[in-house]
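Structure at a glance
The residues making up each chain are set out below.
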Amino acid sequence: MANAASGMAVHDDCKLKFLELKAKRTYRFIVFKIEEKQKQVIVEKVGEPGQGYEDFAASLPADECRYAVFDFDFVTAENCQKSRIFFIAWSPDTSKVRSKMIYASSKDRFKRELDGIQVELQATDPTEMGLDVFKSRAN
């Protein structure tokens, strides 16, 4: 179903892959892209469970907007192994204004489709989604 604000639909594959990440931990991360011609959000790339933060960061284009989900594992101060599912709205300063507007207007509806997001990050450059940011926001 298309979003009235931006007209973007969400491909079923987006929801299916997210459920696999959340329930089965099949993936470490998922990168989503808006296909403007088809007016829908699609899965662009998935990261295998063995891949880490560096692989995730490298999969985001330097000058194009994306949505992403990252399953972040960490150890608490009490030495407990935990994980948090992060939603990242990647909107680099160097991306096109039109692209930024489309991603911004579609974000909330797309995020609602992915039930189970625990933390949201908005990033315009890599330092805003560095590993230290994930660690500080995870607790």
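Residues numbered from 1 in each chain as written. Predicted model: local features only at pLDDT ≥ 70, side-chain atom pairs only at ≥ 80, totals over all residues. Heavy atoms only, no water.

1. Describing the nonpolar core
As a rule of thumb, nonpolar side chains are buried together in soluble globular proteins. If you look at the biggest cluster of nonpolar residues, it comprises 21 residues, and the most contacted ones within it are F32, Y67, V69 and F110. Once residues lying within four places of it in the same chain are set aside, the contact partners of F32 are C14, V41, I42, V43, E44, R66, Y67, A68, V69, Y103, F110 and L114. Grouped together as the second largest cluster of nonpolar side chains are 19 residues, Y53, F70, M129 and A138 included. (Core = buried A, V, L, I, M, F, W, Y, C linked by side-chain atoms within 4.5 Å. Buried < 20%, exposed > 50% of the residue type's maximum accessible area, 1.4 Å probe, protein only. Contact = heavy atoms within 4.5 Å.)

2. Overview of unusual backbone geometry
Residues other than glycine seldom take positive phi values, yet K39 does so here, at roughly 55 degrees. Turning to its location among the elements, K39 is positioned in the loop between strand 2 (29–35) and strand 3 (40–47). Positive phi, normally seen in glycine, also occurs at N79, with a value near 70 degrees. Take N79: it is sitting in the loop between strand 4 (66–75) and strand 5 (81–90). Given a relative accessible area of 64%, N79 falls into the exposed group. (Helix = DSSP H or I, 4+ residues; strand = E, 2+ residues; numbered from the N terminus.)

3. Brief notes about the environment of Q118
Mapping Q118 onto the fold places it in the loop between helix 3 (97–113) and strand 6 (119–123). Judged by relative accessible area, which is 45%, Q118 ranks as partly exposed. Distance in space between the C-alpha atoms of Q118 and K96 is 29 Å, their sequence separation being 22 residues. Residue contacts for Q118: discarding those within four places in its chain leaves S83, R84 and I85. One polar contact links the side chain of Q118 to the main-chain amide nitrogen of I85, over a distance of 2.6 Å. (Polar contact = N/O pair within 3.5 Å; in protein donor to acceptor, adjacent residues only side chain to side chain.)

Read these as geometric descriptors, not functional statements.
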